[in-house]
Amino acid sequence: MNWSKTRYFIMSFLILSLISSGGILSPKGDPPTPPPPDTQYGDLTSKDHVITNLVKSYNEANIDEYIKIIHDDYLWFNQAEDVAGGLEEFVLRDPDVLATSNMFAARNGTHPDPNMLIDKLTLILYPGSWTEITEIDGTPCEDCWYTTREYVMSVVMSGGDMTYNANDLVKIWVASVMEGDKKLYKLRR
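Rules of the game
- Residues numbered from 1 in each chain as written.
- Predicted model: local features only at pLDDT ≥ 70, side-chain atom pairs only at ≥ 80, totals over all residues.
- Heavy atoms only, no water.
- Helix = DSSP H or I, 4+ residues; strand = E, 2+ residues; numbered from the N terminus.
- Buried < 20%, exposed > 50% of the residue type's maximum accessible area, 1.4 Å probe, protein only.
- Polar contact = N/O pair within 3.5 Å; in protein donor to acceptor, adjacent residues only side chain to side chain.
- Contact = heavy atoms within 4.5 Å.
- Salt bridge = Lys/Arg side-chain N within 4 Å of Asp/Glu carboxyl O.

Novice: Quick question: what am I supposed to make of the side chain of arginine 189 here?
Specialist: Here arginine 189 lies in the segment after β7 (182-187). The buried category is assigned to arginine 189, whose relative accessible area is 11%. Separated by 2.3 Å, the side chains of arginine 189 and aspartate 137 make a polar contact. Setting aside anything within four residues of it in sequence, one finds arginine 189 in contact with Tyr74, Leu75, Phe77, Ile136, Asp137, Lys171, Ile172 and Trp173.

Laid out in structure tokens, this is it:
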């Protein structure tokens, strides 16, 4: 087989593979297939454990596990359009933990306000790669990383009468910390 016939065969195979697998020619509105759920919490010795534990804590509305992944210097940054709409630019660790705790309590039926009930809360973070960073806000940061991930979040309230869906990209920053003799990764941003 000569080179041009080989190239033609390879290109034809690739095009057919893309078409049959729903690759680049699939409709743009199709969401990606969610990754399989993890069955247990990671021990935070890997950057990916932060992602696993974040998703799992949301899906189980488990505030204790959520708190374990949050770095002491954690900040949540709101999107520009949310800031333009009146939200603060960022939220510090403690107010974020309080807000998340209230949301999880509403999901678990333990919120002090009986009208605050969440019937269903789901979070999906799709796979992505990590990039090492050397500083955060001009301060050196050793063994710090970020990843940009697509997420899908759904909140169902009022017996299914109100549903909020979000699908966007989120940049997640993690930093290593020493706890005893173990190096753990925590969610920084």
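Novice: For this particular structure, what's the right way to read the pattern of salt bridges?
Specialist: Side-chain pairs of opposite charge can arise where the charged atoms are in close proximity. Applying the stated criterion across every chain, the model contains seven salt bridges. Note that arginine 189 is salt-bridged to aspartate 137, the shortest N-O span being 2.3 Å. Taken together, the positions of arginine 189 in the segment after β7 and aspartate 137 in the loop between β4 (131-136) and β5 (139-157) put the pair 52 residues apart, joining distant regions of the chain. Across the salt bridge formed by lysine 186 and glutamate 179, the nearest N and O atoms sit 3.0 Å from each other. Under the relative-accessibility criterion, lysine 186 is labelled buried at 9%.

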